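Chain by chain, the residues run as shown.
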Amino acid sequence: MEHKRSAEIFEEAVKYIPGGVNSPVRAFKSVGINPIFIDHAHGSHIWDVDGNEYIDFICSWGPLILGHSNEQITAGIADMVAKGTSYGVPTAIEVEMAKLIVDAYKGIDKVRMVNSGTEATMSALRVARGYTGRNKILKFEGCYHGHSDALLVKSGSGTITYGVPTSPGVPADVVKHTLVTPYNNIEALEAIFNEQGDDIAAVIVEPIGGNMGLVPAERDFLEALRKITQEHGTVLIFDEVITGFRIAYGSSREYFDIEPDMVCFGKIIGGGLPVGAYAGKAEIMDMVSPVGPVYQAGTLSGNPLAMYIGKKQLEYLRDHQEVYKELEEKANYLAQGIRTHLQDLGLNYHVAQAGSLVCLFFTDKEVRNYEDAMTCDTEKFNHYFQALLEQGVLVGPAQYEAMFLSTAHTKEDLDKALVAIGNALRIAHNK
Ligand SMILES: *Cc1c(COP(=O)(O)O)cnc(C)c1O
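Predicted model only: the values in this text are computed from it and were never measured. (Residues numbered from 1 in each chain as written. Predicted model: local features only at pLDDT ≥ 70, side-chain atom pairs only at ≥ 80, totals over all residues. Heavy atoms only, no water.)

Let's talk about the domain arrangement of the protein
Part 1 of the reasoning: As assigned here, the protein comprises domain 1 (4-69 + 321-430) and domain 2 (73-319).
Part 2 of the reasoning: Here the C-alpha centroids of domain 1 and domain 2 sit 26 Å apart.
Part 3 of the reasoning: Each partner contributes residues to the interface: domain 1 has 31 residues there, and domain 2 has 30 residues.
Part 4 of the reasoning: Both faces considered, domain 1 and domain 2 share a buried interface measuring about 2,500 Å² in area, 62% of it formed by carbon and sulfur atoms.
Part 5 of the reasoning: Taken as a group, Gln321, Tyr324 and Arg368 account for 25% of the area that domain 1 buries against domain 2, more than any other trio of residues on that side.
Part 6 of the reasoning: One can count 1 salt bridge joining domain 1 with domain 2.
Part 7 of the reasoning: Across the pair Glu218 and Arg368 runs a salt bridge, and its minimum N-O distance is 2.7 Å.
Part 8 of the reasoning: Linking domain 1 to domain 2 there are 10 residue pairs in polar contact (both at pLDDT 80 or more).
Part 9 of the reasoning: Secondary structure elements with two or more residues in the side of domain 1 that touches domain 2: helix H12 (322-344), strand S15 (350-354), strand S16 (357-361) and helix H13 (370-373).
Part 10 of the reasoning: Top contributing element to the side of domain 1 that touches domain 2 by residue count: S16, with 4 residues.
Part 11 of the reasoning: Residue classes in the side of domain 1 that touches domain 2 are distributed as 20 nonpolar, 8 polar and 3 charged. (Domains from an automatic or database assignment. Contact = heavy atoms within 4.5 Å. Buried area = accessible area lost by both parts, 1.4 Å probe. Salt bridge = Lys/Arg side-chain N within 4 Å of Asp/Glu carboxyl O. Polar contact = N/O pair within 3.5 Å; in protein donor to acceptor, adjacent residues only side chain to side chain. Helix = DSSP H or I, 4+ residues; strand = E, 2+ residues; numbered from the N terminus. Nonpolar A, V, L, I, M, F, W, Y, C, P; charged D, E, K, R; others polar.)

This is the structure we're talking about:
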């Protein structure tokens, strides 16, 4: 497989863009090769500028649950563009979009649109702090909530529960209010709440962890979290930037039947355009300016093109909720196929699946949290990744990413991918 044109573009790219990419994971750095540059995509397939075709399991990291350039979603966008790309004055479609989201997610009353998942979580936390009048927030190790300062933290060593910055440029002072504790660990959660619960404004959690590989929260953990936050008047925020409208039409709220106080969206609700949103009960959301005192704004928030595409994607999902079962069946088929390969090769790796998400962890350990995920053999994953790419299968270029399925993935795609996965596993393990 040739990547000559991609290599030429990359050489130019690094001169003008840090690392040649606009988001780090796109650099393919963790798998030790240069990135491919994309020309176009359709359905479940994507083509690079070198003319190679791949079955795509990245799907823009989640937004494209109905596949690339789905005409049902994109039709009419040119007419929208002809009417203007942004006004900075309200449009009816923003209201329609808000209503769609509120109707889909039980227990929320109002929603504010923003431009990314990062903005959504950052803003939700500000609102929760304003609402409770408290400063502290709690997150779980390995959960990713975008790149705002207060959330770029990992747990400190030993008995220290407050976080330490994971990036230069984030002052320790800024994260001193951010507590970090292990995912799926009720005892650790209770210990922190017993000590500091009445000072904690909000807990933010991915109900299905999608940024340390794929690590679903255990039901009793989420139930304990709901209970303890309620007892302490702490706002529970579900970060559903990946899971929103993916795991079920009613998102994790429906999937787990657990109701948070606030929720963050991104990815799917924009259908591939830059969007985020945060939502909650009226009492909390009415803290937001211009009704309340908590400031949050955005020049392009509720952008008409993004609303158009996002709304059509959500309407399609609302009217075709059978797709969730189909997606789950496809993901099951893929996960089982991978397990069969592992068995044949005498490998005992962990395969996680939830809804339309699948992840092969290169570890024998069952992965319940970040520490477990860190036991993966990333070197072997890198060989596996490269062998997949060579065979026309594109997965996230890092061990700690899930495979994203869309309605466009066919049984033929999955069978082809499974053959490639079997080969790639053999290559990675010299079998
Ligand atoms: C992708 C993601 C974000 C950040 O969204 P961006 O649009 O990249 O800023 C936040 N939370 C979760 C769970 C995500 O997967």
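Now that the structure is up, let's keep going.
Considerations on the sheet that holds S16
Two strands in a sheet stick together by hydrogen bonds in their backbones, pointing the same way (parallel) or opposite ways (antiparallel).
Part 1 of the reasoning: Taken together, 3 strands build an open sheet; the order of strands is S15-S16-S18 and the sheet is antiparallel. Two strands in the sheet have a free side with no partner beyond their single neighbour: S15 and strand S18 (403-404).
Part 2 of the reasoning: In this sheet, S18 lies alongside S16 in antiparallel orientation, the contact comprising 2 bridges. Of the residues in S18, the one forming a bridge with Leu357 is Phe404.
Part 3 of the reasoning: Sitting on the sheet, H12 is in contact with S15, S16 and S18, with an inclination near 175° to S15. (Pairing = 2+ DSSP bridges. Axes fitted to C-alpha atoms, helices over the stretch in contact; angles between N-to-C directions.)

Observations concerning the nonpolar core
Part 1 of the reasoning: Formed by 118 residues in total, the largest nonpolar core has its most connected members in Phe57, Ile101, Phe245, Ile269, Leu317, Leu334 and Tyr384.
Part 2 of the reasoning: Looking at which domains feed residues into this core, each of domain 1 (4-69 + 321-430) and domain 2 (73-319) supplies at least three.
Part 3 of the reasoning: Not counting chain neighbours up to four residues away, the residues in contact with Tyr384 comprise Leu360, Phe362, Ile421, Ala424, Leu425 and Ala428. (Core = buried A, V, L, I, M, F, W, Y, C linked by side-chain atoms within 4.5 Å. Buried < 20%, exposed > 50% of the residue type's maximum accessible area, 1.4 Å probe, protein only.)

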